[in-house]
Amino acid sequence: MMRYLIPLFAFIVLAAFLLVGLTLNPRQVPSPLIDKPAPIFQLNHLHEPEKILSSTDNLGKVWLLNVWASWCVSCRDEHPLLVELAKSGIVPIYGLNYKDERTTAMQWLTRYGDPYAVSIVDADGKVGIDFGVYGVPETYIIDKKGIIRHKQIGPVTVDSLEKTIVPLIIELQKQV
Amino acid sequence: MFKDNCFPCLKVPQLNRIKVWLLFAFLILIIAPTLSWSKEAVPVAEDPEIEKRMLALTMDLRCLVCQNESIADSRADFSNDMRREIRQKIKENKSDEEIIQFLVDRYGDFVLYNPPVKPTTILLWFGPILLFMIGFVSLLTYLKRRREQIVEIPLSEAEQKKAEVLLGEKKR
């Protein structure tokens, strides 16, 4: 009996590991920046280059930082959702225009709609590196104290908005 | 065929000469792209010393976009940025540890091909040894049990004689 049970048991253990492996996404690299203060930055606005947004300007409110670029194809997928989210007025969305050109970026926003309270320009991607950006689009939820609470890698979906992002924002807004 | 003592003979008939030219053109067509590629691969860095240190460092760092390539090997935009960043840090006289910490702070242990021993990586580090031990112990117990199972049955007298006859026959 044992001679059959042992291989069967070994097979079940192996199959269980492989099954769990199937559900994991190797592209989702957990960010070490979660629950850490957002990196310090000072970047020029996209539309009004003479203005500067600094990382401390948004202290006291919950906000989203969406990393986008006009060359990024999947940014187009999530864009209508961001426009809708901005219209709902739940949370201000700030855009980090990542390694892009100013004119094309502005054209892109006129064409697909501008959900951003402000877009800031990270032309050489240095601030992107500080945020640990490696695949555009990425979206960060930052709380009132300036701490990163969540990172969405890849496009925002209806599912991720309803299940994770919006509930977390509402919860964070309740905090002092 | 060979009128003079040349080899290879240069007196090729007209038709063959065309063939030779065609072959030559064909060869150029094949070789040309590789030539232009090798031009592209010329190292961009100014300082070979910095480049050497940067390469040694990025060899053990994972490109997060391609995941199965190191930052040194990858042509992804991400790796280009990382190499630029690391060159910059080397120029600023940062130590290797500081540079690696800079990347780990932003991208986590996943960038390291050589992950640190931590509670979450214990299985990764010692799993193979554990599996080997399990295999070794089960092999030993199996061998021991098998030795116990084999019982020597002495030959009966009739069998002994029969064997001797058979062996004796062979000798003859």
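These numbers were taken from a predicted model, which means no experiment stands behind them.

Caption draft 1: Structural detail: the overall build of chain A. Scanning chain A from N- to C-terminus turns up five helices and seven strands. The linear arrangement of helices and strands in chain A, starting from the amino end, is α-β-β-β-α-β-α-β-α-β-β-α. Here chain A has a C-alpha radius of gyration of 20 Å; the compact-globule value for 176 residues is 16 Å, and the former is much larger. Structurally, chain A occupies a C-alpha span of about 80 × 40 × 30 Å along its principal axes. Considering chain A as a whole, with its 176 residues, one finds that 36% of them fall into the buried category. For chain A, the share of sequence-separated contacts (at least 6 apart) that also reach a separation of at least 24 residues comes to 74%.

Caption draft 2: Broad picture of the pairing of strand E4 (residues 93–98) of chain A. Residue and element names in this part refer to chain A. Along E4, five of the six residues are buried, which leaves the element largely enclosed by surrounding structure. The pairing of strand E3 (residues 63–68) with E4 spans five bridges and is parallel. Along E4, the bridge assignment pairs Leu 65 with Tyr 94. At this point the chain moves from E3, through helix H2 (residues 73–88), to the parallel E4, and the crossover so formed is right-handed. Note that E4 and strand E5 (residues 118–122) share five bridges and pair parallel.

Caption draft 3: Region of interest: the sheet that holds E4 of chain A. Residues and elements named next belong to chain A. Here five strands make up an open sheet; going across it, the order is E5-E4-E3-E6-E7 and the pairing mixed. Taken across any chain shown, the strands that pair with only one partner, and hence form the sheet edges, are E5 and strand E7 (148–153). The average undirected angle you get between the axes of adjacent strands in this sheet is 20°. On the sheet, helix H5 (residues 158–174) packs against strand E6 (138–142) and E7 and is oriented at approximately 165° with respect to E7.

Caption draft 4: Helix H4 (residues 96–107) of chain B, seen in detail. With twelve residues, H4 of chain B should cover 16 Å at 1.5 Å per step; its first-to-last C-alpha distance of 16 Å lies within 8% of that length. Within H4 of chain B, burial applies to Ile 99, Leu 103, Arg 106 and Tyr 107 of chain B. The buried residues of H4 of chain B occupy one face: seen down the axis, they fall within an arc of 85°. Away from the buried face of H4 of chain B by more than 90 degrees, exposed residues Glu 97, Glu 98 and Gln 101 of chain B are located. On its buried face, H4 of chain B is in contact with helix H4 (126–130) of chain A together with helix H2 (48–58) and helix H3 (77–91) of chain B. Looking one or two residues beyond H4 of chain B, the residue adopting positive phi is Gly 108 of chain B, at roughly 85°.

Caption draft 5: Highlighting the interface of chain A and chain B. Opposite the twelve residues of chain A that make contact, chain B presents eleven residues. Class assignment for the residues of the side of chain A that touches chain B results in seven nonpolar, four polar and one charged.

Caption draft 6: Quick look at the environment of Pro 7 of chain A. Looking at where Pro 7 of chain A falls in the secondary structure, it is placed in helix H1 (residues 2–23). Taking the C-alpha atoms as reference, Pro 7 of chain A lies 52 Å from Ala 69 of chain A; in sequence the two are 62 residues apart.

Caption draft 7: Region of interest: the environment of Ile 86 of chain B. All names here are of chain B. If you trace the backbone, Ile 86 turns up in helix H3. Judged by C-beta crowding, with 25 C-beta atoms within 10 Å, Ile 86 ranks as buried. Note: C-alpha distance between Ile 86 and Ile 30 (56 residues apart in sequence) is 37 Å. Setting aside its immediate chain neighbours within four residues, Ile 86 contacts Met 54, Leu 57, Thr 58 and Ile 99.

Caption draft 8: Main features of unusual backbone geometry. Residue and element names in this part refer to chain A. The omega torsion across Val 136 and Pro 137 is -5°, close enough to zero to call that bond cis. Structurally, the position occupied by Pro 137 is in the loop between H4 and E6. Located in the positive-phi region is Lys 99, a residue other than glycine, with phi close to 45°. Mapped onto the secondary structure, Lys 99 falls in the loop between E4 and helix H3 (102–112).

Caption draft 9: View of the nonpolar core. Core analysis: the biggest nonpolar cluster contains 55 residues, and Trp 68, Tyr 98, Val 133, Val 136, Tyr 140 and Ile 142 of chain A together with Leu 64 of chain B have the highest contact counts within it. Broken down by element, the residue count for this core peaks at five residues, all from E3 of chain A. Discounting residues that sit within four places of it in the chain, Tyr 98 of chain A has contacts with Val 67, Trp 68, Ala 69, Asp 122, Gly 125, Gly 128, Val 133 and Val 136 of chain A.

Caption draft 10: Representation of the confidence of the model for chain B within the structure. Residues and elements named next belong to chain B. Mean pLDDT over chain B stands at 81; residues scoring 70 or higher make up 80%. The spread of mean pLDDT over the elements of chain B runs between helix H1 (residues 14–40), the lowest at 69, and helix H5 (residues 122–149), the highest at 92. In the predicted structure, residues 1–12 sits below a pLDDT of 50 and forms four contacts with residues beyond four places in sequence or in another chain. Per the prediction output, this complex has pTM 0.71; the corresponding ipTM is 0.78.

Caption draft 11: Geometry of H2 of chain A. All names here are of chain A. Of all bends in H2, the biggest is about 40°, found at His 79, and the proline Pro 80 comes one to four residues later. When H2 is considered as a whole, its buried residues turn out to be Cys 75, Glu 78, His 79, Leu 82 and Leu 85. Looking at the buried residues of H2, the elements they touch are E3, E4, H3 and H5. In the stretch just after H2, Gly 89 is the one whose phi turns positive, near 75°.

Definitions and cut-offs
- Residues numbered from 1 in each chain as written.
- Chains lettered and ligands numbered in written order.
- Predicted model: local features only at pLDDT ≥ 70, side-chain atom pairs only at ≥ 80, totals over all residues.
- Helix = DSSP H or I, 4+ residues; strand = E, 2+ residues; numbered from the N terminus.
- Rg over C-alpha atoms; globule rule 2.2 N^0.38 Å.
- Buried ≥ 20, exposed ≤ 12 C-beta atoms within 10 Å, placed from the backbone.
- Contact = placed C-beta atoms within 7 Å.
- Pairing = 2+ DSSP bridges.
- Right-handed = clockwise from strand over helix to strand, strands pointing away.
- Axes fitted to C-alpha atoms, helices over the stretch in contact; angles between N-to-C directions.
- Expected span 1.5 Å × (residues − 1).
- Arc of directions from axis to C-beta.
- Nonpolar A, V, L, I, M, F, W, Y, C, P; charged D, E, K, R; others polar.
- Core = buried A, V, L, I, M, F, W, Y, C linked by C-beta atoms within 7 Å.
- pLDDT = per-residue confidence, 0-100.
- Bend = angle between axes of the 7 residues up to and from the residue.

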